[in-house]
Amino acid sequence: MAGTSSNIHDPVADVAASMNYVMERYGVSRDGHDLQAKVQQADPNRSPKGY
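Residues numbered from 1 in each chain as written. Predicted model: local features only at pLDDT ≥ 70, side-chain atom pairs only at ≥ 80, totals over all residues. Heavy atoms only, no water.

(A) Quick look at the pattern of salt bridges. For the structure shown, the criterion picks out 2 salt bridges. A salt bridge links Asp 34 to Lys 38; its shortest N-O distance comes to 3.0 Å. Between Asp 43 and Arg 46 there is a salt bridge, with the nearest N and O atoms lying 3.4 Å from each other. Overall, the relative accessible area of 35% leaves Arg 46 in the partly exposed class. (Salt bridge = Lys/Arg side-chain N within 4 Å of Asp/Glu carboxyl O. Buried < 20%, exposed > 50% of the residue type's maximum accessible area, 1.4 Å probe, protein only.)

(B) Focus on the environment of Ile 8. With respect to the helices, strands and loops of the structure, Ile 8 is situated in the segment before α1 (11-26). Residue Ile 8 is classed as exposed on the basis of its relative accessible area of 71%. In this structure the C-alpha to C-alpha distance between Ile 8 and Lys 49, which are 41 residues apart in sequence, comes to 27 Å. (Helix = DSSP H or I, 4+ residues; strand = E, 2+ residues; numbered from the N terminus.)

(C) Inspection of the packing of aromatic side chains at higher detail. One pass over the structure, following the stated rule, counts 0 aromatic pairs. In this arrangement the basic side chain of Arg 25 is found over the ring face of Tyr 26, its NZ or CZ atom lying 5.1 Å from the centre. (Phe/Tyr/Trp six-rings, centres within 6.5 Å; stacked < 30°, edge-to-face > 60°. Lys NZ or Arg CZ within 6 Å of the ring centre and 35° of its normal.)

In short, geometric facts, not functional conclusions.
Encoded structure:
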């Protein structure tokens, strides 16, 4: 994200990078309203599955 540190030990940068990955990989919207529907591990009512 613009303005976010590129230091791999910065927790804010780590979260930003992981959310960018989830949005790109699984097609999750920018506001995250469809996260549970598109990412099985984010839904506590479904059993986890491998990648």
